[in-house]
Amino acid sequence: MRIPQIQALRAFAAVLVVIYHAKITSGGYIGVDIFYVISGYLITGLLLRELENSGTLNLKAFYLRRVKRLLPTSFFVLAITAITAWYLYPATMRADLGRDIAAAGIYVSNYLFAFWQMDYQNLSAIPPVVIHYWSLAVEEQFYIFWPFIIFALFKRGGRATVGKGVALITVASFLFSLYQTSSAPIWAFYSLPTRAWELGVGALLLFIPARIKFSQNYLWIALALFVYGTLQFRDSTPFPGTAALVPVVATAISIAAVHSWPKVLNLIGNHRIVQWLGAISYPLYLWHWPLLVIPVVYLGRGLSIYERFLCVLATLLFADLTHRFIEEPLRHSQPKSTTIIRGGAIATALSLAISLGIYTSHSDLIKLPNGTIYSLTEVMQKPIVYEDDCHVNNGEITSPECRYGSIGSKRKIVLFGDSHAAQWMPTLEKLGLEKDFELISLTKSACPGPAVRKVDTGEYKNADCSAWRDYAFKRIKAINPEAVIVAGMQYFDIPSGYTDRTSWWREGLRKTLSSLRGSSPHIISIADTPHPNRDIPSCIAAGKFDRCNGSERSTPIFISGYQQIDPNPWLCSSSCPGIIGSTVVYRDSSHLSVAMARKLSPQFEKALTRLRVFETS
C-alpha cells in the first residue's frame, strides 16, 4: 500500500529536479537527495519486515523485483533518447553520445561521469543527454550491497544490531562525504560511498521508538528547510557536504512525522494532481532531461522560457504515457523469473549495441559555408601548454619551467593568467620566433591574471589561486622580463560584496599591478575576448551557421598603470562571428581556437609595437 505523504514527497522531488534543469530555480537538484532518503526508508523497511517474519531474505526475489520495477522504464527511455539523439545530433557529437549511452546502460554512469570530470553543478554548454542516469546508478549500486549488509547485521544480533550497524555506516559515509566534498568534489557528488549516508538516514527512521511522536510543528521546519535549499542553494554550493543535510533532514522529518502532517499540507499532498505526479515521478525524472537537452542541440542555441515550458509539458505527457502503458502493466504482471532475467540481459545488450552503433557513426569532419572542411579535433585543439602540462590545474600552486619561442634569447616576455591568457600562447609563440624573444608561460586554470576573488566552487579554491599568484609574482620579478602580459576571463560569477563586474575586475587589476610594479618596463593588460553564447564547433557541426555569430563583445576593463590592448575589434565588427574567413574563431564556448590565435599575430605584433615592446621597423 502506497503512503500518500510519501507519494507527495516523490512528486515534490521530481518537480524540483525538473524546474532546476528548466532554469526556474537554483537549488532544485536537492530533489535527488529527497529520493535517496525515501529509498533508504522503504527498501530497508521491506528487508526488515521480511527478516522479522521469516528469519531470512529471499535475495533472488528481491533483485528480480528491482529489475522488474526499474529496468523496463529506464531502458525504454534510454533507447528512445539514444535513437532520437542519434538521428538529430551532428555526427561530430556521436562518439561522446555513444559513450554516455553505454555508461547509462550498464549502471556505472556515476563513476564514469566523475572520471570524465562532468561537474553536474557546472555542466558544459552541451552536457550529456543521459547525465541524470547517475542517480539511478547510485541507487542500483546501493541495492546490490544493502541486502547483504542488513542480513549479516540481523543474523549477528537482530533488529538492534541492524540499527547500530546502519548508524555506523551512515556516520562513516557522512564524514567521508565531508572530506571528499572538499578534496574531490566531483567524485563526492557522484559516488555511492559519499551518498550512502543519505539512504542510511532514511533507513534509521525505522529505528525511532514508537513512543516518540512528532508534532505538526516539525513539518513546518521541514518545509522551511526545503524552501531554503531550493531558493538559496546555487551551482557554486559545495555539494553534498554539509549542504545536503538541509534536504536530507527535511525529508527525514517529513517521513518521521508522516501521520502528523498539518491539515493544509495533507490537503495539498493528497490532491489527485500531486498523487499523480508522485505516481509518474520515476518516468518524469527520466524524460525531463533528454526533452530539455536534445532541442538545444538540434536548434543550436539555448531555449527560451516559453520553449522550456513546452518541454516540461512534453515531459509530463511522456511520463504519464510511460507510466500508463509500461510501468503499470508490468507492476501487475507476474512474469517468470527466467523471463525477467532474460529481459534484463536483452535490455542491457541492446543498450550496448545501440551505443556501439552511435559511436561507430561518429565523424570528425565539419564543413564551413565556403566549402572548407576541418577536422573537429583540429578545431578543438588546445594550445601546446596543455600538452606540456605547463597550464596548471586546480590544487596546484606552482608552475613548471616552460619556455617557448626563441628559447635562450635575452629578451623575455611572460604570459600570466588563466585559460584566457593561455589562449594567446599560439599568437605569442609565433611572434617569439619571428621577433626573437623567449616566451615564458605562467598560466593556471580558473585563476585570472587580475587577482580577483572568485566564488569557491567545485575544485576551485581561492586560496590555491592566491598561493599560485604569489609564486608567479616572485618568478616574474626574478626573470625581470621585457614585458608581462596579464589576461583573464571576466565572465566568472561575481562574489557577494561587489556592485558590478567592473569594480570587481578593477580591484583585481590593482592588486596584480601592485605585486608586479617594478618587475618589468611593460606591464600590459589585455582585455577579454568576446563571449560566445554557445559551443561554436558544435553549432557549426549542426549546420546552424547563422546562429554561430551571436558572441557578446567583451567590455574592456582597464585601470591606469597598465599598458592596454583590446582584441575585440580584431574579432568583431557589427557582430562577433563564429567564423572569420575560413577560420573557426573559437574552439569551444569560451576560448579562441589555435588557428584563430595564430591568425591574429599581425594585430598583436602591431599592438606590442605601438606599446614600444617591439621596435618600429
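Our structure is the block above this text.
All of these numbers come straight from a predicted model, not from anything done at the bench. (Residues numbered from 1 in each chain as written. Predicted model: local features only at pLDDT ≥ 70, side-chain atom pairs only at ≥ 80, totals over all residues. Heavy atoms only, no water.)

**Section: the overall build of the protein**
Phase 1: A count of helices and strands for the protein gives 25 helices and 11 strands.
Phase 2: For 617 residues, the compact-globule estimate of 2.2 N^0.38 gives 25 Å, and the C-alpha radius of gyration of the protein, at 28 Å, lies within 12% of that figure.
Phase 3: Put simply, of all contacts in the protein between residues at least 6 apart along the chain, 78% involve residues at least 24 apart.
Phase 4: Accessible surface, the protein: about 26,600 Å² in total, of which carbon and sulfur atoms supply 60%.
Phase 5: For the protein, the centre of its 58 positive side-chain charges and the centre of its 42 negative side-chain charges are spaced 8 Å apart. (Helix = DSSP H or I, 4+ residues; strand = E, 2+ residues; numbered from the N terminus. Rg over C-alpha atoms; globule rule 2.2 N^0.38 Å. Contact = heavy atoms within 4.5 Å. Areas by Shrake-Rupley, 256 points an atom, 1.4 Å probe, with all protein chains shown as cover. Lys, Arg positive; Asp, Glu negative; His and termini not counted. Charge placed at Lys NZ, Arg CZ, Asp CG, Glu CD.)

**Topic: the pairing of strand 7 (residues 483-487)**
Phase 1: Most of strand 7 sits out of view: 5 of its 5 residues are buried.
Phase 2: Here strand 7 shows a buried face lined by Ala 483, Ile 485 and Ala 487 and a second buried face lined by Val 484 and Val 486.
Phase 3: Looking at chain direction, strand 5 (residues 412-417) and strand 7 are connected through 5 bridges and run parallel. Counted as the bridge partner of Gly 417 is Ala 487 from strand 7.
Phase 4: Bridging between strand 7 and strand 8 (residues 522-526) involves 4 bridges; their strand directions are parallel. When the sheet's bridge partners are listed, Val 484 is paired in strand 8 with Ile 523.
Phase 5: Regarding the hand of the β-α-β motif, the stretch spanning strand 7, helix 21 (residues 501-516) and strand 8 is right-handed. (Buried < 20%, exposed > 50% of the residue type's maximum accessible area, 1.4 Å probe, protein only. Pairing = 2+ DSSP bridges. Right-handed = clockwise from strand over helix to strand, strands pointing away.)

**Things to note about the nonpolar core**
Phase 1: Residues Tyr 89 and Trp 134 are the most contacted members of the largest nonpolar core, which totals 100 residues.
Phase 2: At 12 residues, helix 6 (residues 134-183) tops the list of elements feeding residues into this core.
Phase 3: Among the nonpolar cores identified, the runner-up in size contains 46 residues, and Cys 390, Met 425, Cys 548 and Leu 611 belong to it. (Core = buried A, V, L, I, M, F, W, Y, C linked by side-chain atoms within 4.5 Å.)

**Concerning the packing of helix 2 (residues 31-54) against helix 3 (residues 59-88)**
Phase 1: Packing of helix 2 against helix 3 brings their axes to within 12 Å, and their N-to-C directions diverge by 150°. Between helix 2 and helix 3, the angle falls in the class roughly antiparallel. Judged by the twist between their axes, the crossing of helix 2 over helix 3 is right-handed. Taken together, the residues of helix 3 that come into contact with helix 2 (itself represented by Ile 43, Leu 46, Leu 47 and Glu 50) are Phe 62, Arg 65 and Arg 66.
Phase 2: Residues that form the contact of helix 2 with helix 3 fall into these classes: 4 nonpolar, no polar and 3 charged. (Axes fitted to C-alpha atoms, helices over the stretch in contact; angles between N-to-C directions. Parallel < 35°, antiparallel > 145°, perpendicular 65-115°, else oblique. Left-handed = near helix turned anticlockwise from the far one by under 90°. Nonpolar A, V, L, I, M, F, W, Y, C, P; charged D, E, K, R; others polar.)

**Notes on the packing of helix 2 against helix 6**
Phase 1: At their nearest, the axes of helix 2 and helix 6 sit 9 Å apart, and the two run at 40° to each other. Regarding the angle of helix 2 to helix 6, the classification is oblique. Our pair here, helix 2 against helix 6, has a crossing hand that is right-handed. Counted together, Val 32, Phe 35, Tyr 36, Ser 39, Ile 43, Thr 44, Leu 47, Leu 48, Leu 51 and Glu 52 of helix 2 and Trp 134, Ser 135, Val 138, Glu 139, Tyr 143, Trp 146, Pro 147, Ile 150, Phe 151, Phe 154, Arg 159 and Val 162 of helix 6 form the full contact between these two elements.
Phase 2: Among the residues forming the contact of helix 2 with helix 6, the class breakdown is 16 nonpolar, 3 polar and 3 charged.

**Some thoughts on helix 4 (residues 94-105)**
In an α-helix, one turn spans 3.6 residues, which is why side chains three or four residues apart end up on the same side.
Phase 1: Taking 1.5 Å of rise per residue, the 12 residues of helix 4 would be expected to cover 16 Å, and the 16 Å separating its terminal C-alpha atoms lies within 8% of that figure.
Phase 2: Judged by how many residues are buried, helix 4 sits mostly within the fold: 10 of 12 residues are covered.
Phase 3: Those residues of helix 4 that fall on the buried side of the exposure criterion are Arg 94, Ala 95, Leu 97, Gly 98, Asp 100, Ile 101, Ala 102, Ala 103, Ala 104 and Gly 105.
Phase 4: Of the surrounding secondary structure, the elements contacted by the buried residues of helix 4 are helix 3, helix 5 (109-115) and helix 15 (337-360).
Phase 5: Positive backbone phi, approximately 55°, marks Tyr 107, located one or two places after helix 4. (Expected span 1.5 Å × (residues − 1).)

**Some points on the packing of aromatic side chains**
For any two aromatic rings, the description comes down to two numbers: the centre-to-centre distance and the angle of the planes.
Phase 1: A complete count under the given rule lists 29 aromatic pairs for this structure.
Phase 2: Relative to Trp 505, the ring of Trp 504 lies with its centre 5.6 Å away and its plane at 55°, an arrangement referred to as tilted. In this structure, Trp 504 and Trp 505 share a single accessibility class: buried.
Phase 3: The structure contains a cluster of three or more aromatic residues connected by ring pairs, namely Tyr 20, Tyr 29, Tyr 36, Phe 113, Trp 134, Phe 189, Tyr 190, Tyr 228, Phe 233 and Phe 239. (Phe/Tyr/Trp six-rings, centres within 6.5 Å; stacked < 30°, edge-to-face > 60°.)

**As for unusual backbone geometry**
Glycine aside, the phi torsion of most residues is negative, and most peptide linkages are trans.
Phase 1: For the bond running from Phe 239 to Pro 240, omega is 10°, close enough to zero to count as cis.
Phase 2: If you check the backbone angles, Asp 389 has positive phi at about 60° while not being a glycine.
Phase 3: Checked against the element boundaries, Asp 389 lands in the loop between helix 17 (384-387) and strand 3 (391-392).
Phase 4: What makes Asp 389 exposed here is its relative accessible area of 58%.
Phase 5: Non-glycine residue Asn 480 carries a positive phi angle of around 50°.
Phase 6: Structurally, Asn 480 is set in the loop between helix 20 (462-479) and strand 7.

**Examining the state of the cysteines**
Phase 1: Taken as a whole, this structure holds 4 disulfides when the rule is applied.
Phase 2: A sulfur-sulfur distance of 1.8 Å marks the disulfide that ties Cys 390 to Cys 402. Looking down the S-S bond of the Cys 390 and Cys 402 bridge, the torsion is -85°, so its handedness is left-handed. Of this pair, Cys 390 sits in the loop between helix 17 and strand 3 while Cys 402 is found in the loop between strand 3 and strand 4 (403-405), placing the two residues 12 residues apart along the sequence. (Disulfide = S-S within 2.5 Å.)

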